[in-house]
Amino acid sequence: VRVSGIAAIPAVLEQLGARPDDVLAAAQVDRSVFDDESNSIGFATVGHLVRECVARTGCEHFGVLVGQHGGPRSFGLIGLAMRHTANVHSALTMLATYIHLYYGGQTLTLEEHGEVAVMSYSITSPGVEAVDQIEDGALAIFFNVLRSLCGPDWLPLEVRFAHRRPKNVRPFIRAFQTTLTFDAECSALVVSSHWLRRSLTNADAELESLLRQEIEKIKQSRGKSFP
């Protein structure tokens, strides 16, 4: 997976009073991997690192704190191309289509049910630790992505978490500012469908096409795998 999605880990550790070098060493992660957000790191390694971070800080909402630093830039070329699509729906469809190129072992789906749309996220890679924290962080990133596309007035109708309710729910309320549902079937952002039809001010069909061609080249270079 691309380091950009977890680039804030050292800063969040410092914020919580932990020494990043000590935590990274305990998780057997080289600090230099965070020097460039385009670097890649094994998904299993990310899970192990996040578990170690939670253990060292005692912070149940560690994933949320890290994810809040993310946004469209976390997705590299895909994040750039999304800004130039026609509307929010086409931007999210692009993200769901190509997310695996930057973050393998994960899936994103967008489904509309009348006036409601559900953006669901799940981890498909087996044996990953701290799945709940990683999914919380992903939801925080997607929250920022949607706000960048829809504007500062946007809020989800509901945020669903596929894990138990934490002892302290206040950080989740501050982060997502909406109804929270725990022990859900899957982690998801629930939004009003009318936001999907919102036109993007930076829409540029020619530029989007050029960027998509570059993304397709990345896709072809990666080949296919059974999972």
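Thresholds applied
Residues numbered from 1 in each chain as written. Predicted model: local features only at pLDDT ≥ 70, side-chain atom pairs only at ≥ 80, totals over all residues. Heavy atoms only, no water. Disulfide = S-S within 2.5 Å. Buried < 20%, exposed > 50% of the residue type's maximum accessible area, 1.4 Å probe, protein only. Phe/Tyr/Trp six-rings, centres within 6.5 Å; stacked < 30°, edge-to-face > 60°. Helix = DSSP H or I, 4+ residues; strand = E, 2+ residues; numbered from the N terminus. Patch = residues over 30% accessible without salt bridge, like charges linked within 9 Å, V, L, I, M, F, W, Y side chains within 5 Å. Areas by Shrake-Rupley, 256 points an atom, 1.4 Å probe, with all protein chains shown as cover. Salt bridge = Lys/Arg side-chain N within 4 Å of Asp/Glu carboxyl O. Lys, Arg positive; Asp, Glu negative; His and termini not counted. Charge placed at Lys NZ, Arg CZ, Asp CG, Glu CD. Contact = heavy atoms within 4.5 Å.

Some words on the state of the cysteines
For the structure on display, the rule yields zero disulfides. The thiol of Cys-59 is not disulfide-bonded; the next cysteine sulfur, from Cys-53, is found 10 Å away. Judged by relative accessible area, which is 7%, Cys-59 ranks as buried. Between Cys-150, a free cysteine, and Cys-186, which holds the nearest cysteine sulfur, the sulfur-to-sulfur gap is 20 Å. Exposure remark for Cys-150: the relative accessible area of 3% places this residue in the buried category.

Quick word on the packing of aromatic side chains
What characterises a pair of aromatic rings is the spacing of the ring centres plus the angle enclosed by the ring planes. Under the counting rule described, the total for this entry stands at nine aromatic pairs. Measuring from ring centre to ring centre gives 5.5 Å for Phe-75 and Tyr-103, while their planes differ by 75 degrees; the resulting arrangement is edge-to-face. Here the residue Phe-75 occupies a position in the loop between helix H4 (62-67) and helix H5 (76-82), and Tyr-103 occupies one in the loop between helix H6 (88-98) and strand E1 (106-113), the gap between them amounting to 28 residues. Accessibility classification places Phe-75 together with Tyr-103 in one group, the buried group. Look at Phe-161 and Phe-176: their rings are 5.7 Å apart centre to centre, the planes differ by 70 degrees, and that puts the pair in the edge-to-face class.

Brief notes about a negative patch on the surface
Residues Asp-30, Asp-35, Asp-36 and Glu-37 make up a contiguous surface patch of negative charge. With respect to the element layout, Asp-30 can be found in the loop between helix H2 (20-26) and helix H3 (43-57).

Considerations on the environment of Pro-10
With respect to the helices and strands, the residue Pro-10 is situated in helix H1 (residues 9-15). Taking the C-alpha atoms as reference points, Pro-10 and Arg-31, separated by 21 residues in sequence, lie 8.8 Å from one another. Excluding residues that lie within four positions of it along the chain, Pro-10 makes contacts with Pro-20, Arg-31 and Phe-34.

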